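# Structural overview for review
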Amino acid sequence: MPPSPTASERTRQLRRVALSGLLGTAVEFYDFLVYGTVAALVFGELFFPGADPAVGTIAAFGTFAAGYVARPIGGILFGHFGDRLGRKNMLLLTMGLMGGASFLIGLLPTYDTVGVWAPVLLITLRVVQGIAIGGEWGGATLMVVEHAGEKRRGLWSSFTQMGAPLGSLISAAVVAMVSTLPKDQFAAWGWRVPFLLSVLLLGVGLFVRLKVVESPLFAEVKKDRAESRLPILDVLRRPKPVLLACCVGIGAFTAQSLLTSYLIAYATGIGYPRPQVLTALTVSAAVALVVLPCASALSDRVGRRPVVLTGAILSAATAFPVLALVDSKSSGALILAVVIGHGISQSLMYGPLGALFSEMFGTRVRYTGASLGYQGATLVGAGFSPMIAGSLVASSGNGTPVALLLCGGSLITALTVWFVRETSRTSLADPASELPTTPHTEEITA
């Protein structure tokens, strides 16, 4: 039997796992947000030509939604093998699939070259991306949470969550760089550059991820031969935790998709230059990199529920003011709007989710359960929001539907939080795989 690792070795491994989670999620969000950004700018004309510009944008966001539809499939697939075989190998596979699909998107021929095969290939690669991402977040988060101590799970899990704004920051910077090209050059080849550059992030991420060790909690389950034969069936026998996790996450993902990917199409459509919109997204991502770890660390002290609830209420209360700031057509107001709606409110909702979802399931089914809850929330909250918003804005002629969607998603989160038991003091080693999820409003930080 190998000797037990020392405290310094455990700390070193935890830092390496946290870095692995950060880079993996950054690759995930970089690839997904690059697609959303480029879809808003040129995919309508390149892959769906001949359509009304609004219809082309909606069709481009339809392929965006296809990636989200595939995410629960990835959660089930990689969750099954992650709960049966281990977290590490699944993470190497998901990162490779995600980066490879993004690189191939950068090589795709357009409609003018191969006709209808262009959108077919685009949708296919989006589905591959979605399946890979469906397994990436759950495994990356669990590796960090299951390596971390009982008292600082929220803080350490924030490294995985910080991959979202980091990926957004990198994607916005890269797209801003290539969008300075003349419009014809951007449409001809400039849009491909951000996808091709994803291979660099992929290489760094895989290098770090190869050096991490398996989750100690999963190793214990494997040693005792206690793994689940069919984790998805064990989770669905008691579906309430998954449904609650899904609903809790809807607000964060609705805000994320509307105030990043869709905002580019909406803001440029009402007259903002593309560089101003990308600058606003860059500032917001930088703010989120500060707010996320603070929110996650706070959730270790006061509980997950109060932090998520605060973000949801703030997001709902500011939905219409945020839209009014965007509609003012002032570059300063646009930055303020995105910082309030995404950098602060969305980060408060999103920060504690990694620890919260992990704590809602036992080790035997944690990869499957947490992934299903998270990816279900992304599907409902983010997958269709840009397409629905685009359709409603096109028919109504104003941005009110955007604020209504943002407010509605946040209120769903705020209401659902009251039905989730506080989990911040729960031991992940507990054999009881599902925590009670009965309503308890008498003490938020119980």
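This report concerns the structure included in the present document. As the structure is a computational prediction, the values presented were derived from the model and not from experiment. (Residues numbered from 1 in each chain as written. Predicted model: local features only at pLDDT ≥ 70, side-chain atom pairs only at ≥ 80, totals over all residues. Heavy atoms only, no water.)

On to the side chain of Lys88, then. Checked against the element boundaries, Lys88 lands in helix H3 (residues 87–105). Among the polar contacts listed, one links the side chain of Lys88 to the backbone oxygen of Leu210, at a separation of 3.0 Å. Sequence-distant contacts of Lys88, that is, excluding residues within four places in its chain, are made with Met143, Arg209, Leu210, Val212 and Glu214. (Helix = DSSP H or I, 4+ residues; strand = E, 2+ residues; numbered from the N terminus. Polar contact = N/O pair within 3.5 Å; in protein donor to acceptor, adjacent residues only side chain to side chain. Contact = heavy atoms within 4.5 Å.)

The biggest cluster of nonpolar side chains holds 104 residues, and the ones touching the most others in it are Phe43, Phe47, Trp191, Tyr350 and Phe357. Here the element with the most residues in this core is helix H1 (residues 7–47); it accounts for 17 residues. Among all residues touching Phe357, those that are not within four sequence positions of it are Trp137, Ala245, Val248, Gly249, Ala370, Gly373 and Tyr374. (Core = buried A, V, L, I, M, F, W, Y, C linked by side-chain atoms within 4.5 Å. Buried < 20%, exposed > 50% of the residue type's maximum accessible area, 1.4 Å probe, protein only.)

Okay, unusual backbone geometry next. Residue Lys329 is not a glycine yet carries a positive backbone phi of 65°. For Lys329, a relative accessible area of 56% puts it in the exposed group.

Turning to the packing of helix H14 (residues 304–327) against helix H19 (residues 400–417), a few remarks are in order. With their axes 8 Å apart at the nearest point, H14 and H19 run at an angle of 165° to one another. Taken as axis vectors, H14 and H19 run roughly antiparallel relative to one another. Taken as a pair, H14 and H19 cross one another with a handedness that is left-handed. Together, Arg305, Val308, Leu309, Ala312, Ser315, Ala316, Ala319, Phe320 and Leu323 of H14 and Thr400, Ala403, Leu404, Leu406, Cys407, Ser410, Leu411, Thr413, Ala414 and Val417 of H19 make up the contact between the two elements. When its residues are assigned to classes, the contact of H14 with H19 shows 14 nonpolar, four polar and one charged. (Axes fitted to C-alpha atoms, helices over the stretch in contact; angles between N-to-C directions. Parallel < 35°, antiparallel > 145°, perpendicular 65-115°, else oblique. Left-handed = near helix turned anticlockwise from the far one by under 90°. Nonpolar A, V, L, I, M, F, W, Y, C, P; charged D, E, K, R; others polar.)

Next up on the list: helix H13 (residues 274–302). A rise of 1.5 Å per residue sets the reference length of H13, with its 29 residues, at 42 Å; its end C-alpha atoms lie 40 Å apart and thus fit the reference within 8%. Along H13, the sharpest change in direction is near 25° and occurs at Ala288. Looking one or two places after H13, you find Gly303, whose phi comes out positive at around 110°. (Expected span 1.5 Å × (residues − 1). Bend = angle between axes of the 7 residues up to and from the residue.)

Linking two cysteines covalently through their sulfur atoms gives a disulfide. Applying the stated criterion to the full structure yields zero disulfides. Free of any disulfide, Cys246 has its nearest cysteine sulfur in Cys247, 5.2 Å distant. (Disulfide = S-S within 2.5 Å.)

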